[in-house]
Amino acid sequence: ASLQATFYGHTYENPFMNASGVHCMDTAELDGLATSAAGSFVTKSATAEGRDGNPEPRYVNLELGSINSMGLPNLGLAYYLKDAIQRQTAHPDKPFFLSVASYKGFDEYVANMKAIQDSAYTGLVELNLSCPNVPGKPQMAYDFEDTEKLLTEIFSFYTKPFGVKLPPYFDFMHFDKIAAVLNQFDLKFVNCINSVGNGLYIDDETDTVVIKPKGGFGGIGGEYVKPTALANVRALRQRLNPTIDIIGTGGILTGRDAYEHLLCGASMLQVGTQLYKEGLGVFDRLNSELLDILVAKGYNTIAEFKGKLATLD
Ligand SMILES: O=C(O)c1[nH]c(=O)[nH]c(=O)c1Cl
């Protein structure tokens, strides 16, 4: 059996990647991912200028996951573009993803994509429309009209392959609306989901929140979010053009979690909280556990069961 994953014309050894934000802040961390058992990797979401991000504590591991309000700390788009161009030149056989966001909103998204269009980087971009932690800034992908306007503007000049990182949606009308917007464009993929925004965790000894920014409100990841992540992967897969691949993110701790995301239609799989907790060895374990599941079920490839979730009708 093989865990090979085909995605936008490339065959990866396996579908596993980091989730943007974890183990991907600088060249050293990215080199660690590139030499790990991960099939691919993505950079920390870049903004036009480098950012310190929110005051600490801003990330806390919890028994059932994590809470974060990092506030888009990153080294700035120029840094990641320089690294990406060096990387694509040195290892043209190992494509990866460049994540880009915006601190200031619509115009910065456009400017950042223009900078990438004008650069020598030719690989995949993950356009992050779902950061929940910039105080005072609504998540772009919760505004369907603005998202459509932004994608229309980007596609008027951008000719390189890219996809979007989405927040979780919780209503069939919202699944329908975001899919109707995205199906208008030649997107290569959609990544579902980003952290479940603005959760609140209270320390049971101090009766106090555990992160400093936003009065303790932060994005939730880990076991808490798997049912929501699976639902978003499944709902978008059922609604999006087959030309748009899906990256499944959220609640992947074991090979079984990975298998369930694939059943829902994911092609690549991103790991955030569990990578933070376990380190790069998580990819060796996940590959082994997922392979055991294929063997136990008599599958030779992921294609044999990808998207084939059974329902009770
Ligand atoms: O606070 C962050 O940096 C952050 N944290 C998240 O959980 N998702 C994101 O997309 C971002 Cl950009």
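Described in the following lines is the structure provided in the data block.

So, how was this worked out
Residues numbered from 1 in each chain as written. Predicted model: local features only at pLDDT ≥ 70, side-chain atom pairs only at ≥ 80, totals over all residues. Heavy atoms only, no water. Helix = DSSP H or I, 4+ residues; strand = E, 2+ residues; numbered from the N terminus. Buried < 20%, exposed > 50% of the residue type's maximum accessible area, 1.4 Å probe, protein only. Contact = heavy atoms within 4.5 Å. Lys, Arg positive; Asp, Glu negative; His and termini not counted. Charge placed at Lys NZ, Arg CZ, Asp CG, Glu CD. Arc of directions from axis to C-beta. Polar contact = N/O pair within 3.5 Å; in protein donor to acceptor, adjacent residues only side chain to side chain. Pairing = 2+ DSSP bridges. Right-handed = clockwise from strand over helix to strand, strands pointing away. Axes fitted to C-alpha atoms, helices over the stretch in contact; angles between N-to-C directions. Near = heavy atom within 4 Å. Areas by Shrake-Rupley, 256 points an atom, 1.4 Å probe, with all protein chains shown as cover. 1 Å grid on protein atoms, 1.4 Å probe; cavity = no way out; pocket = protein on both sides within 12 Å on 5 of 7 lines; lining within 4 Å. Sits in = over half its atoms within 2 Å of the grid points. Nonpolar A, V, L, I, M, F, W, Y, C, P; charged D, E, K, R; others polar. Salt bridge = Lys/Arg side-chain N within 4 Å of Asp/Glu carboxyl O.

1. Notes on the overall build of the protein chain
Within the protein chain, the secondary structure is distributed over nine helices and 13 strands. With respect to the three principal axes, the spread of C-alpha positions in the protein chain is 55 × 50 × 40 Å. Looking at the protein chain residue by residue over its 313 residues, the buried ones come to 56%. A sequence separation of at least 24 residues applies to 73% of the contacts in the protein chain between residues at least 6 apart. The positive charge centre, built from 26 side chains, and the negative charge centre, built from 36, are 4 Å apart in the protein chain.

2. Description of helix α5 (residues 172-182)
Considered for burial, the residues of α5 that qualify are Phe175, Ile178, Ala179, Val181 and Leu182. What you see down the axis of α5 is that its buried residues fit within an arc of 160 degrees, all on one side. Residues of α5 that are buried in the fold lie against α4 (144-155), β8 (162-166), β9 (189-192) and α6 (226-239). The backbone nitrogen of methionine 173 lies 2.7 Å from a side-chain oxygen of the residue at the head of α5, namely aspartate 171.

3. Considerations on the side chain of asparagine 128
Here asparagine 128 shows up in strand β7 (residues 124-128). In this structure the side chain of asparagine 128 is engaged in a polar contact, spanning 2.9 Å, whose partner is the backbone nitrogen of serine 130. Here asparagine 128 is in contact with Ser45, Ser99, Val100, Ala101, Tyr109, Lys165 and Asn194, once residues within four sequence places are set aside.

4. With respect to the pairing of strand β13 (residues 268-271)
Burial along β13 is two-sided: the residues Met268 and Gln270 and Leu269 and Val271 are all buried. Strand direction decides the pairing type here: strand β3 (residues 16-18) and β13, joined by three bridges, are parallel. Among the inter-strand pairings, methionine 17 is bridged to a residue of β13, identified as glutamine 270. Handedness of the crossover joining strand β12 (residues 245-249) and β13 through helix α7 (residues 255-263) is recorded here as right-handed.

5. Remarks on the pairing of strand β6 (residues 97-100)
Of the two faces of β6, both are covered, the one formed by Phe97 and Ser99 as well as the one formed by Leu98 and Val100. One ladder, built from four bridges, connects β6 with β7; its direction is parallel. Paired with serine 99 across the bridge in β7 is glutamate 126.

6. Examining the sheet that holds β12
For sheets, the rule is that strands pair by backbone hydrogen bonds, running either parallel or antiparallel. Taking strand neighbours across the sheet as the criterion, the seven strands line up as β3-β13-β12-β9-β8-β7-β6 in an open arrangement whose pairing is parallel. At either end of the open sheet lies a strand with only one pairing partner, and these are β3 and β6. Recorded for the sheet is a direction-independent mean angle of 25 degrees between the axes of neighbouring strands. Packed onto the sheet, helix α3 (residues 106-117) meets β6, β7 and β8 and runs at close to 170 degrees relative to β7.

7. Some points on the site of the ligand
Around the ligand, a shell composed of Lys44, Asn68, Met70, Gly71, Leu72, Pro73, Asn128, Cys131, Pro132, Asn133, Asn194 and Ser195 is seen. At 2.9 Å, a backbone N or O of glycine 71 approaches an oxygen atom of the ligand. Contacts to the ligand include asparagine 133, whose side-chain N or O atom sits 2.9 Å from an oxygen atom. Taking 310 Å² as the accessible area of the ligand by itself, protein coverage stands at 92%. In this structure, the ligand is accommodated by the largest pocket. The residue makeup of the shell around the ligand, split by class, is five nonpolar, six polar and one charged.

8. Digging into the pattern of salt bridges
Under the criterion given, the structure shown has 10 salt bridges. Note that arginine 285 is salt-bridged to glutamate 289, the shortest N-O span being 3.1 Å. Of the two residues, arginine 285 and glutamate 289 are both situated in helix α9 (residues 281-297); the distance of four residues between them amounts to about one turn of the helix. Take arginine 285: its relative accessible area is 24%, and that puts it in the partly exposed class. According to the relative accessible area criterion, glutamate 289 is partly exposed, its value standing at 25%.

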